[in-house]
Amino acid sequence: MNKKVAFYTLGCKLNFSETSTIARDFSKEGFDRVDFSEKADIYVINTCSVTENADKRFKTIVKQAQKANENAFVAAVGCYAQLKPQELADVNGVDLVLGATEKFKITDYLNDLSKNDFGEVHSCEIEDADFYVGSYSIGDRTRAFLKVQDGCDYKCTYCTIPLARGISRSDTMNNVLKNAREISQQNIKEIVLTGVNIGDYGKGEFGNKKHEHTFLDLVTELDKVEGIERLRISSIEPNLLKNETIDLVAQSRAFVPHFHVPLQSGNNEILKKMKRRYMRELYVDRVSKIKEVMPHACIGVDVIVGFPGETDTHFLETYNFLAELDISYLHVFTYSERDNTEAVDMEGVVPGNVRSKRSKMLRGLSVKKRRAFYESQLGTQRTVLFESENKEGYIHGFTENYVKVKTPWNPDLVNTLHTVQLTEIDEDGLVRFDFVKVLSA
Ligand code: SF4
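Residues numbered from 1 in each chain as written. Predicted model: local features only at pLDDT ≥ 70, side-chain atom pairs only at ≥ 80, totals over all residues. Heavy atoms only, no water.

Asks: I tried to follow the packing of aromatic side chains on my own but got confused; where do I start?
Replies: What characterises a pair of aromatic rings is the spacing of the ring centres plus the angle enclosed by the ring planes. With the rule as written, the count across this model stands at 13 aromatic pairs. Centre to centre, the rings of Phe26 and Phe31 are 5.0 Å apart; their planes meet at 85 degrees, and the pair counts as edge-to-face. By the burial criterion, Phe26 is buried, and Phe31 matches it. Taken together, a centroid distance of 6.2 Å and an interplanar angle of 35 degrees make the contact between Tyr329 and Tyr402 tilted. (Phe/Tyr/Trp six-rings, centres within 6.5 Å; stacked < 30°, edge-to-face > 60°. Buried < 20%, exposed > 50% of the residue type's maximum accessible area, 1.4 Å probe, protein only.)

Next up, the structure:
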């Protein structure tokens, strides 16, 4: 009988796409994949360093694995495994911890899967993480996350990602296009581009620091791949989002009018302390450009509250800045101290209760922004891609400009594209619609 493997992924879309790649390697070695709650011979936990209480969370997941099979081999990989390998190895029940370079060779580290007396660490200096491993994952039969870039050369003072993932490097254009074609042949209708800093695409494509291609080249070529109905950019730094890219999306066949652009603070002094590479004026300019050529575009914003030195005045400046800006929703992060970052030693620590209050205020603003955006879309015709889950008798879907819609469950709608007319916002804050026509079944 084949051995069984189960995976648990924490964190971002990039981690999900990498878990899929690791899972494919296990299949090639003859393993069967089972759910994490089932009995497996090996449990692989792909960790994240951004997760709140990462260590506590990790311990709970290890216990969960042990509950399913106390004799199973437990391996930890991912960002937290790179940053704090020994901490993870010391957790009771952990057999193997692999850093950033070793995680893709995990199957080479498995012998007979008998448990170790202590957690074995195979880690590297992050400077050695300079090679690229391409990945993609199929989410829920309708959408795939395609990794195009890894690592980051920026030095934002709050961020540990460069320490966990290494320098900025990219997949080759040929490989990205090959993966995109492969995904489209599996009847997946939407591809979301993922990476740590995808606007930096092209750097390190052939193992050097030069940009052989740019992000604009990438979107231009991907737009030509037949069979992909939708392409989504996901998150891109404002300073790397060029006019040409925005214009291309506006005229594109497959790229959808949805941007997620991190802001982090609406106050220039705080942006400088964060070592972000733009001022708030540039951000206003990017939003205006998007809205000028795509008035119906959805714009999501990442923002951090409680960064050291953020006074009430700074925060209110951020709040008012966002309140006035023509954006559609916020992802609010509460600043938390991370070892080995510059910010951890900065003065002006914001008390926890103030951080929570600011986060609550911005989350409230996000609800208002999203509602106003949805209202602005009522009466328009959009395309919807339906998802695969039955959520309490309803099926959900997203329009090209990221309006979330719902209608009573109908399995025939799964993974189909329709033109719809958006009609009203219901009690859950989601949008109802009338069907207009089927675009792709
Ligand atoms: S751009 Fe800044 S926040 Fe984003 S990964 Fe790079 S260092 Fe971290």
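Asks: Just to check I follow, could you spell out the side chain of Arg286 for this structure?
Replies: Along the chain, Arg286 falls in helix H10 (residues 280-293). Since its relative accessible area comes to 8%, Arg286 is described here as buried. Engagement of the side chain of Arg286 in a polar contact is seen with the side chain of Asp285, the distance being 2.9 Å. Sequence-distant contacts of Arg286, that is, excluding residues within four places in its chain, are made with Pro238, Leu241, Lys242, Asn243 and Ile246. (Helix = DSSP H or I, 4+ residues; strand = E, 2+ residues; numbered from the N terminus. Polar contact = N/O pair within 3.5 Å; in protein donor to acceptor, adjacent residues only side chain to side chain. Contact = heavy atoms within 4.5 Å.)

Asks: Can you walk me through the pattern of salt bridges in this structure?
Replies: Between side chains of opposite charge, pairing is possible as soon as their charged atoms come close. Applying the stated rule across the entire model yields 28 salt bridges. In this structure, Arg165 engages Asp150 in a salt bridge whose closest nitrogen and oxygen atoms are separated by 3.2 Å. Of this pair, Arg165 sits in helix H5 (residues 161-165) while Asp150 sits in strand S9 (residues 149-150), and the two are 15 residues apart along the sequence. Of the two residues examined, Arg165 and Asp150, each falls in the buried class. Within this structure, Glu18, Lys103, Lys147, Asp150, Arg165 and Arg169 form a network of salt bridges that share partners. (Salt bridge = Lys/Arg side-chain N within 4 Å of Asp/Glu carboxyl O.)

Asks: Would you mind showing me how to read empty space enclosed by the protein here?
Replies: Unoccupied space between atoms shows up once a probe the size of one water molecule is rolled over them. As enumerated under the stated definition, the model contains one cavity of 30 Å³ or more in all. Considered as a void within the structure, the largest cavity measures approximately 100 Å³ in volume. Every residue lining the largest cavity is counted, 13 residues in all, and those nearest its centre are Ala100, Phe104, Phe131, Asp150 and Arg169. The residue makeup of the lining of the largest cavity, split by class, is seven nonpolar, one polar and five charged. Looking at which domains feed residues into the lining of the largest cavity, each of domain 1 (4-124) and domain 2 (129-256) supplies at least three. (1 Å grid on protein atoms, 1.4 Å probe; cavity = no way out; pocket = protein on both sides within 12 Å on 5 of 7 lines; lining within 4 Å. Points joined across faces, edges and corners; volume = space filled by probe spheres on them. Nonpolar A, V, L, I, M, F, W, Y, C, P; charged D, E, K, R; others polar. Domains from an automatic or database assignment.)

Asks: How do you make sense of the side chain of Lys291 when you look at a structure like this?
Replies: Among the secondary structure elements, Lys291 is positioned in helix H10. No salt bridge is formed by the buried Lys291. Its closest oppositely charged neighbour is Asp326, at 4.1 Å. Apart from residues no more than four positions distant in its own chain, Lys291 is found in contact with His296, Ala297, Ile299, Asp326 and Phe373. (Lys, Arg positive; Asp, Glu negative; His and termini not counted.)

Asks: Explanation requested: the sheet that holds strand S2 (residues 32-34) in the structure shown.
Replies: Strand pairing in a sheet relies on backbone hydrogen bonds. The paired strands run either parallel or antiparallel. Strand order in the open sheet formed by six strands is S2-S1-S3-S4-S5-S6, with parallel pairing between adjacent strands. With partners counted over all chains shown, the strands left at the sheet margins are S2 and strand S6 (120-122), one partner each. Taking each pair of neighbouring strands and ignoring which way they run, the sheet shows an average axis angle of 25 degrees. The pairing of strand S1 (residues 4-9) with strand S3 (residues 42-47) spans five bridges and is classified as parallel. From the neighbouring strand, Tyr8 faces S3, where its bridge partner is Ile45. Helix H2 (residues 54-68) contacts S1, S3 and strand S4 (73-78) of the sheet and is inclined by roughly 165 degrees relative to S3. (Pairing = 2+ DSSP bridges. Axes fitted to C-alpha atoms, helices over the stretch in contact; angles between N-to-C directions.)

Asks: Help me out: how do you make sense of unusual backbone geometry in this one?
Replies: Glycine aside, a negative phi is what most residues show, and trans is what most peptide bonds show. Residues other than glycine seldom take positive phi values, yet Gln264 does so here, at roughly 75 degrees. Mapping Gln264 onto the fold places it in the loop between strand S13 (258-260) and helix H9 (268-273). Overall, the relative accessible area of 8% leaves Gln264 in the buried class. Located in the positive-phi region is Tyr402, a residue other than glycine, with phi close to 65 degrees. When its relative accessible area of 25% is taken as the criterion, Tyr402 is described as partly exposed.

Asks: Help me understand the domain arrangement of the protein chain in this model?
Replies: As far as domains go, the protein chain holds domain 1 (4-124), domain 2 (129-256), domain 3 (259-377) and domain 4 (381-440). The gap between the C-alpha centroids of domain 2 and domain 3 is 24 Å. Counting residues at the interface gives 23 residues for domain 2, matched by 29 residues for domain 3. The junction of domain 2 with domain 3 conceals about 2100 Å² of combined surface from both sides, 64% of it contributed by carbon and sulfur atoms. (Buried area = accessible area lost by both parts, 1.4 Å probe.)

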